[in-house]
Amino acid sequence: MSGKVEPYDKIGLFGGIGSGKTIYLTVLFRELSKGYDSKLAVKVDPYSSSYEYLEEKVKLLYERQELPRPTRPNECERIQFHLMYKRGAKKGERAFSLWTYDFPGESLENCFKPKNYLSLKNPEGIIETSEDSPLEDKDPSGTSQVPSQTSVRELIDEIILEAKGFIFLIDPFRQSKIDQDSLLLRIARAIEAGRSKSALLKTPIVFVVSKADQVFLSNQTIEEYIAELVPLTYSWQSFSCENVGFFSLYSLGKNIDVIKKGDKSIPKVPKNLQPKNIADPLEYFI
Ligand SMILES: Nc1nc2c(ncn2[C@@H]2O[C@H](COP(=O)(O)OP(=O)(O)OP(=O)(O)O)[C@@H](O)[C@H]2O)c(=O)[nH]1
Ligand SMILES: [Mg+2]
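Residues numbered from 1 in each chain as written. Chains lettered and ligands numbered in written order. Predicted model: local features only at pLDDT ≥ 70, side-chain atom pairs only at ≥ 80, totals over all residues.

Colleague: How should I be thinking about the site of ligand 1 in this particular structure?
Modeller: Around ligand 1, 24 residues are found, and the nearest of them are T22, I23, P70, T71 and G105. When residues of the shell around ligand 1 are traced back to their parent elements, those giving at least two are α1 (21–32), α3 (105–111) and β9 (264–267). The biggest single contributor to the shell around ligand 1 is α1, with three residues. For the shell around ligand 1, a count of residues per class yields 10 nonpolar, 10 polar and four charged. (Near = placed C-beta within 6 Å. Helix = DSSP H or I, 4+ residues; strand = E, 2+ residues; numbered from the N terminus. Nonpolar A, V, L, I, M, F, W, Y, C, P; charged D, E, K, R; others polar.)

So, in structure tokens, the structure goes:
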């Protein structure tokens, strides 16, 4: 085995509310199946539901220049793409698969709140859901099947147990730094709970700062910056894993216009998206 993962291994992707998961997955899908300069190309089964889901998001972003809405629990789409070598001796061969769900950050965070947290050793634990849970998608017709918090948790556990490596997407502008850090730490602990110490040591984990078009590092390395953004998760990895990568990327482009909405600045999707470093976290695994 030359890289950190093997061709049939799967890599999971996690990130909190608004960390940029949907946009990153969409841009990866679009760019790496076209001419983006990278060692890996994306291959998606055109008859899969991932393909349909991502094509719809590509249309939204690339043709209508609209940002996706926050992902809702009933949208939590399974995403699977294969990463294929584009060059060299292994050209055309599969490197690994990115296999995740486009998790709604809100559901992830609810599932990992201390009161709801089910350890993998206690899968029967009871989840409390409050009456006004934001996870209950209000459906006036009452006909749609909204996955409960428990079933989202099952999807999360599936990835946590089966993936051979992980990408943690970090929002540099997250209002509550502590919420983002504790979510990632709890996911990290669940990854740890499902593995032997030696398997954990060999599990590659990649920390990625999204929205780097708005980030200005002075004399700091990206690793130092990540250590500040998610201090608890950073210190967890420092004694748990051997293979840890630190990256930053942006999905939309540099110098994009922003529209002020109240106290929020919302990026304006440019006509030509010029994402940067989007393949780096994936290339770390090979
Ligand atoms: N400046 C900048 N902003 C970005 C970038 N990517 C995402 N954003 C902003 O972050 C917001 C959230 O991005 P999404 O991809 O919807 O985030 P998400 O992780 O899917 O969020 P949930 O579905 O709520 O979990 C977007 O609406 C943008 O405002 C980027 O590359 N640069
Ligand atoms: Mg989303």
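Colleague: I would appreciate a short explanation of the sheet that holds strand β4 (residues 94–101) in the present structure.
Modeller: By way of backbone hydrogen bonds, the strands of a sheet pair with one another, either parallel or antiparallel. In spatial order, the strands read β2-β3-β4-β1-β5-β6-β7; together these seven strands make up an open sheet with mixed pairing. In this open sheet, the two strands that pair with only one neighbour each are β2 (40–43) and β7 (244–248). Geometrically, the sheet is characterised by an average inter-axis angle of 25 degrees between neighbouring strands, direction not taken into account. With five bridges joining them, strand β1 (residues 10–15) and strand β5 (residues 165–170) adopt parallel strand pairing. If you follow G15 over to β5, its bridge partner there is L169. (Pairing = 2+ DSSP bridges. Axes fitted to C-alpha atoms, helices over the stretch in contact; angles between N-to-C directions.)

Colleague: Any chance you could explain helix α2 (residues 49–63) here in plain terms?
Modeller: One turn of the α-helix equals 3.6 residues, which is why residues spaced by three or four share an orientation. Between its first and last C-alpha atoms α2 spans 20 Å; for 15 residues at 1.5 Å apiece the expected length is 21 Å, and the two agree. Along α2, the residues classified as buried are S50, L54, K57 and L61. End-on view of α2: buried residues confined to an arc of 60 degrees, all on one side of the axis. Every exposed residue of α2 that faces more than 90 degrees away from the buried side is listed here: S49, E52, K59 and E63. For α2, the secondary structure elements touched by its buried residues are α1 and β3 (78–85). (Expected span 1.5 Å × (residues − 1). Buried ≥ 20, exposed ≤ 12 C-beta atoms within 10 Å, placed from the backbone. Arc of directions from axis to C-beta. Contact = placed C-beta atoms within 7 Å.)

Colleague: I tried to follow the pairing of β3 on my own but got confused; where do I start?
Modeller: Within a regular beta strand, the side chains point alternately toward one face of the sheet and then the other, so they alternate between its two faces. As paired strands, β2 and β3 are joined by four bridges and run antiparallel to one another. By the bridge assignment, K43 is partnered in β3 with H82.

Colleague: Would you take a moment to explain the nonpolar core for this structure?
Modeller: The tendency in soluble globular proteins is for nonpolar side chains to be buried side by side. I11, L83, F168, I170 and V208 are the most contacted members of the largest nonpolar core, which totals 65 residues. The leading source of residues in this core is α1, at seven residues. With residues up to four places along the chain from it excluded, the contact list for L83 reads L40, V42, A95, F96, S97, L98 and L282. (Core = buried A, V, L, I, M, F, W, Y, C linked by C-beta atoms within 7 Å.)

Colleague: Would you mind going over the packing of α1 against α2 with me for this structure?
Modeller: Helix packing geometry: the angle between the two helix axes and the distance between the axes. The interhelical angle for the contact between α1 and α2, taken along N-to-C directions, is 95 degrees, at an axis separation of 9 Å. Here α1 lies roughly perpendicular to α2, going by the angle between them. Along its contact with α1, which presents T22, I23, L25, T26, F29 and R30, the element α2 presents L54, K57, V58, L61 and Y62. Along the lines of polarity and charge, the residues of the contact of α1 with α2 split into seven nonpolar, two polar and two charged. (Parallel < 35°, antiparallel > 145°, perpendicular 65-115°, else oblique.)

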